[in-house]
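Secondary and tertiary structure notes
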Amino acid sequence: MKILVTGASGLLGRAVFSELSCCGHNVVGTAWSRTGEGLIKVNMMEPAEIAACVARVQPDCVVHCAATRKPDVCEHDPEQTERLNVDAARHVATAAAEAQAWMIHISTDYVFDGTNPPYAPDAAPNPLNAYGQSKLESERVVCEVSADFCILRVPILYGQVESLDESPVTVIAADLLAGKHGPIDNWATRYPTHTVDVAVVIRQLIDHKTKDPAFSGICHWSGDEPFTKFGMAQIFCDILDIPKDTITPQDTPPPGAPRPKNSHLDCTRLESLNIGRQTPFAQGATEAIRPFVGGE
Ligand SMILES: NC(=O)c1ccc[n+]([C@@H]2O[C@H](COP(=O)([O-])OP(=O)(O)OC[C@H]3O[C@@H](n4cnc5c(N)ncnc54)[C@H](OP(=O)(O)O)[C@@H]3O)[C@@H](O)[C@H]2O)c1
């Protein structure tokens, strides 16, 4: 199958590109500032560039990973956030529909307010910050183009990183290695999710769609181990051989854009289709930081 992956230079897009390529699909990836080998440069803020790319590639499926995803950045730049997260999603969806391609649009657990977990795909969203609002709006515009498309919501991601500050999980290890030991958020519960697990889920979703053409709508995928960022830091302390009593928890909400306290995603829709993979966090975290730890 010919598959177009937008944002293929990003944290998730790289894993998706690799997983789909390795499994025999003909994959074309887009990037913006990091156009490495085999990636096409497409500015997602230029509708004509999106339309031209999709028309040229003529994919059977589009996996839309490109986005701006840092809540504090989105909070301070709503205009750019709207263009990249909402308008681009609409243009990608429109171009995909014109090419008669199926679309998987990546969204986030931040569409929920975190007061009533776990959240099923049909639970009422109530985003607390500009990032979550933009992603919820992106879901709406994608579904407006075609009810046949799929929205895949995922929570906090980590995996193979180009630098430790690329993921909101591995940045915790970066801080510990830099001697910054706290205070570390111990208020919000997160379910760190490996990018390769999400990539496998996307591959399985594409396989499933070929067997069940009626499949569409909102799906959730998530790791199954709850941690606060302080809890993740304790795991990194074990991995890095840093005494745990040197790190300090912060039990009040973190500064910056408001975040949900616990936006745990209910994954039973995909589990019931035998779709899913969950890397144990300690294993995934060890592998993710290994290239950055001295002597290895
Ligand atoms: N990371 C998380 O913890 C997390 C959690 C939940 C949901 N998500 C969702 O998962 C998806 C992927 O996120 P990610 O973590 O992989 O993000 P990321 O690492 O920041 O990657 C963003 C991608 O978007 C591309 N991009 C940015 N601006 C662009 C522009 N103007 N034109 C074209 N491409 C542009 C980037 O290209 P260049 O790098 O080449 O410039 C990069 O490939 C997003 O929908 C995000 O909302 C992420």
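Below is a short write-up of the structure. Just so we're clear, the structure is a prediction, and the values are computed from it rather than from any experiment. (Residues numbered from 1 in each chain as written. Predicted model: local features only at pLDDT ≥ 70, side-chain atom pairs only at ≥ 80, totals over all residues. Heavy atoms only, no water.)

Concerning the pairing of strand 1 (residues 2–6)
As a reminder of what qualifies: The cut-offs for exposure are 20% and 50% of the maximum accessible area for each residue type, with area from a 1.4 Å probe on protein chains only; residues under the lower value are buried, those over the upper are exposed, and the others partly exposed. Only runs of H or I of at least four residues qualify as helices and only runs of E of at least two qualify as strands under DSSP, and these elements are numbered from the N terminus. Two strands are counted as paired when DSSP detects at least two bridges linking them. Orient the strands so they point away from the viewer, and a crossover whose first-strand-to-second-strand path over the helix runs clockwise is right-handed.
Across the five residues that make up strand 1, a large majority, four, are buried. With four bridges joining them, strand 1 and strand 2 (residues 26–31) adopt parallel strand pairing. Paired with Lys2 across the strands is Asn26, a residue of strand 2. With helix 1 (residues 11–22) bridging strand 1 and its parallel neighbour strand 2, the resulting β-α-β unit is right-handed. In the sheet, strand 1 pairs with strand 4 (residues 61–64) via four bridges, with the strands oriented parallel. Considered in strand 4, the bridge of Leu4 is made with Val62.

Topic: helix 1
Where we set the bar: Here the expected length of a helix is defined as 1.5 Å per residue gap, with one fewer gap than residues. Contacts are assigned to residue pairs with any non-hydrogen atoms lying within 4.5 Å of each other.
Taking 1.5 Å of rise per residue, 12 residues should cover 16 Å, and helix 1 covers 17 Å from first to last C-alpha, within 8% of that figure. Among the residues of helix 1, Leu11, Leu12, Gly13, Arg14, Ala15, Val16, Glu19 and Leu20 are the ones counted as buried. If you follow the buried residues of helix 1, they end up packed against strand 1, strand 2, strand 4, strand 5 (102–108), strand 7 (157–158) and helix 7 (195–211). Looking at the residues trailing helix 1, positive phi occurs at Gly24, about 90°.

Notes on the packing of aromatic side chains
Which entries qualify depends on this criterion: Put simply, two rings from Phe, Tyr or Trp (the six-membered ring, in Trp's case) pair if the centres are within 6.5 Å, and we call them stacked under 30 degrees between planes, edge-to-face over 60, tilted for the rest. Comment: the charge-over-ring label is applied if NZ (Lys) or CZ (Arg) is within 6 Å of the ring centre and within 35 degrees of the ring normal.
For the coordinates displayed, the defined rule picks out six aromatic pairs. Here Trp102 and Phe215 contribute two aromatic rings whose centre-to-centre distance is 6.5 Å and whose plane-to-plane angle is 70°, an arrangement assigned as edge-to-face. Taken as a pair, Trp102 in strand 5 and Phe215 in the loop between helix 7 and strand 10 (217–220) lie far apart in primary sequence, 113 residues in all. For the residue pair Trp102 and Phe215, the accessibility class agrees, reading buried in each case. Centre to centre, the rings of Phe227 and Phe281 are 4.8 Å apart; their planes meet at 45°, and the pair counts as tilted. Of the two residues, Phe227 sits in the loop between strand 10 and helix 8 (229–240) while Phe281 sits in helix 10 (residues 281–289), which places them 54 residues apart along the sequence. Under the relative-accessibility criterion, Phe227 is labelled buried at 14%. Three or more aromatic residues link up through ring pairs in this structure, and these residues are Tyr158, Phe227, Phe236 and Phe281. Positioned above the aromatic ring of Trp32, the side-chain terminus of Lys41 is 4.8 Å from the ring centre.

Focus: the side chain of Arg259
The cut-off we apply is this: Two N or O atoms form a polar contact when they lie within 3.5 Å of each other; inside protein one atom must be a possible hydrogen donor and the other a possible acceptor, and for residues adjacent in sequence the pair counts only when both atoms belong to side chains.
Along the chain, the position of Arg259 falls in the loop between strand 11 (249–250) and helix 9 (268–271). Engagement of the side chain of Arg259 in a polar contact is seen with the side chain of Asp72, the distance being 3.0 Å. Among the polar contacts made by the side chain of Arg259, one reaches the main-chain carbonyl oxygen of Ala257 at a distance of 3.1 Å. Not counting the four nearest positions on each side in its chain, Arg259 is found in contact with Pro71, Asp72, Tyr110, Leu128, Asn129, Trp187 and Arg190.

Quick word on the site of the ligand
Note the cut-off: A single heavy atom is enough: if one lies within 4 Å of a molecule or strand, its residue is considered near that molecule or strand. Throughout, the Shrake-Rupley method with a 1.4 Å probe supplies accessible areas, and for residues the shown protein chains are the sole cover considered.
The full set close to the ligand counts 27 residues, and Ser9, Ser33, Arg34, Tyr131 and Lys135 are the nearest of them. At 2.9 Å from an oxygen atom of the ligand is found a main-chain nitrogen or oxygen belonging to Trp32. Ala67 places a main-chain nitrogen or oxygen 3.4 Å from an oxygen atom of the ligand. Summarising the interface, the protein chains cover 91% of the accessible area of the ligand, which totals 910 Å² for the free molecule. Those elements that provide at least two residues to the shell around the ligand are helix 1, strand 5 and helix 5 (130–145). Here the shell around the ligand takes three residues from strand 5, the largest share from any one element.

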